[in-house]
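# Fold and geometry: a report
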Amino acid sequence: MKMIIAIVQDKDSNRLSSEFIDHNIRATKLSSSGGFLRSGNTTFLIGIADERVDKVLEIIQQTSHQREQFMTPPVNLDNSLDSEAAFPVEVQVGGATVFVVPVEQFKQF
Amino acid sequence: MKMIIAIVQDKDSNRLSSEFIDHNIRATKLSSSGGFLRSGNTTFLIGIADERVDKVLEIIQQTSHQREQFMTPPVNLDNSLDSEAAFPVEVQVGGATVFVVPVEQFKQF
Amino acid sequence: MKMIIAIVQDKDSNRLSSEFIDHNIRATKLSSSGGFLRSGNTTFLIGIADERVDKVLEIIQQTSHQREQFMTPPVNLDNSLDSEAAFPVEVQVGGATVFVVPVEQFKQF
Ligand code: NI
Ligand code: NI
Ligand code: NI
């Protein structure tokens, strides 16, 4: 038995919850906030048999890995500035930090 | 020293907090929400000497184990349907998921 | 790699966050509440290389250790009671509870 602690961006957390349910993986969600500038994240706590750890890591990677996304920045109301600012720009979203921790006893009452 | 992480239903969390205080067990509460349909749960984080782990598990089991409870379902306003629906039914409440994790260092500052 | 779980009083948590950022230590904050009477605390989750564990503990100790502070109690409106009550009194603030837990795998996606 292992405990997996996964911290993902809020925007990925619903999709990740659904994936866990699809794959019959029990996860508890803790509301958290980021160090650095990564505000708004969710911490998942997952108890899992040793032989399913790799599957859980694979699901987290597929659902929540860091990737680029095009985003239209808010329109610049001051039209003296460079008008290019309103074109879509590429931003980084997602990303997951994952710890696998040993478990000495696991009980369900 | 061990760290015990216990996830219980919200409805059992106040009683469990009181038990911990009675037995001089320090516990930190994290607000959490469930995987599956177990919405509204509380995660307790407990630091405890090795020889008291069994006592903590016993308290969690006694206070928060899964059990049946009779509940009266909301009255059915549509009286064309089976009137038996308003009789008390047995539902499952409670339940605890508990991890015991090794601790390499424990400090209080 | 270790996981450090540190529980500090809310009043120390912003200063501790800033220290972690200054020292390039990634920490996730979980909102928590205390056992005993220590209401309003924050749980930090920190993933850190083995050789930096002592530095993290030192930062937590310096920023959040228990100490005395002078506080002026609320003025007693009933002036028949001892007027000394309005003088500053020494109270204990701060304090940190810290666990260092082994990590078997650490991934960033
Ligand atoms: Ni899938
Ligand atoms: Ni008792
Ligand atoms: Ni510093």
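For the structure given in this document, a descriptive report is provided here. The structure displayed is predicted, hence computed values, not measured ones. (Residues numbered from 1 in each chain as written. Chains lettered and ligands numbered in written order. Predicted model: local features only at pLDDT ≥ 70, side-chain atom pairs only at ≥ 80, totals over all residues. Heavy atoms only, no water.)

### What about the overall build of chain A?
Assigned secondary structure in chain A consists of two helices and seven strands. Counting helices and strands in the order they occur from the N terminus, chain A gives β-α-β-β-α-β-β-β-β. Scored against the burial criterion, the 109 residues of chain A give a buried share of 43%. Restricting to contacts in chain A with at least 6 residues of sequence separation, those with at least 24 account for 70%. As presented, chain A carries roughly 5900 Å² of accessible surface, and 50% of it is formed by carbon and sulfur atoms. (Helix = DSSP H or I, 4+ residues; strand = E, 2+ residues; numbered from the N terminus. Buried < 20%, exposed > 50% of the residue type's maximum accessible area, 1.4 Å probe, protein only. Contact = heavy atoms within 4.5 Å. Areas by Shrake-Rupley, 256 points an atom, 1.4 Å probe, with all protein chains shown as cover.)

### Section: the interface of chain A and chain B
Every contact between the two is made by 23 residues of chain A and, on the other side, 27 residues of chain B. When the two sides are added together, the surface that chain A and chain B hide from each other amounts to roughly 2000 Å², 64% of it contributed by carbon and sulfur. For the chain A face of the interface with chain B, the top three residues by lost area are E104, Q105 and F109 of chain A, together amounting to 35%. At the junction of chain A with chain B, the criterion picks out one salt bridge. As a salt-bridge pair, K2 of chain B and E104 of chain A come within 3.0 Å of each other at their nearest N and O atoms. Where chain A packs against chain B, one counts five residue pairs in polar contact (both at pLDDT 80 or more). Sorting elements by how many residues they give to the side of chain A that touches chain B places strand β2 (residues 27-33) of chain A first, with five residues. When the residues that make up the side of chain A that touches chain B are grouped by side-chain class, the tally is 13 nonpolar, six polar and four charged. One ladder, built from two bridges, connects β2 of chain A with strand β2 (residues 27-33) of chain B; its direction is antiparallel. Bridge pairing in β2 of chain B links K29 of chain A to S33 of chain B. (Buried area = accessible area lost by both parts, 1.4 Å probe. Salt bridge = Lys/Arg side-chain N within 4 Å of Asp/Glu carboxyl O. Polar contact = N/O pair within 3.5 Å; in protein donor to acceptor, adjacent residues only side chain to side chain. Nonpolar A, V, L, I, M, F, W, Y, C, P; charged D, E, K, R; others polar. Pairing = 2+ DSSP bridges.)

### Considering the packing of helix α1 (residues 10-22) of chain C against helix α2 (residues 53-64) of chain C
If you want to describe how two helices pack, look at the angle between their axes and the distance between the axes. All names here are of chain C. In the contact formed by α1 and α2, the axes pass within 10 Å of each other and the chain directions differ by 145°. Considering the relative orientation of α1 and α2, their crossing is right-handed. Of the residues in α2, those touching α1 at D12, R15, L16, E19 and F20 are V56, I59, I60, T63 and S64. Partitioned by chemical class, the residues of the contact of α1 with α2 number five nonpolar, two polar and three charged. (Axes fitted to C-alpha atoms, helices over the stretch in contact; angles between N-to-C directions. Left-handed = near helix turned anticlockwise from the far one by under 90°.)

### Some details on the side chain of T63 of chain C
Residues and elements named next belong to chain C. Relative to the helices and strands, T63 resides in helix α2. Within polar-contact distance, the side chain of T63 engages the backbone oxygen of I59 at 2.7 Å. Non-local contacts of T63, meaning those with residues more than four positions away in its chain, are made with D12, R15, L16 and E19.

### Considerations on the relation of the copies chain A and chain C
Rotating chain A by 120° and translating it 0.0 Å along the rotation axis places it on chain C, where the RMSD comes to 0.1 Å. Within this description, the copies of the chain are treated as partners about a three-fold rotation axis. Little of the interface of chain A is mirrored in chain C, where only 15% of its interface residues again form contacts. (Least-squares fit on C-alpha atoms with pLDDT ≥ 70 in both.)

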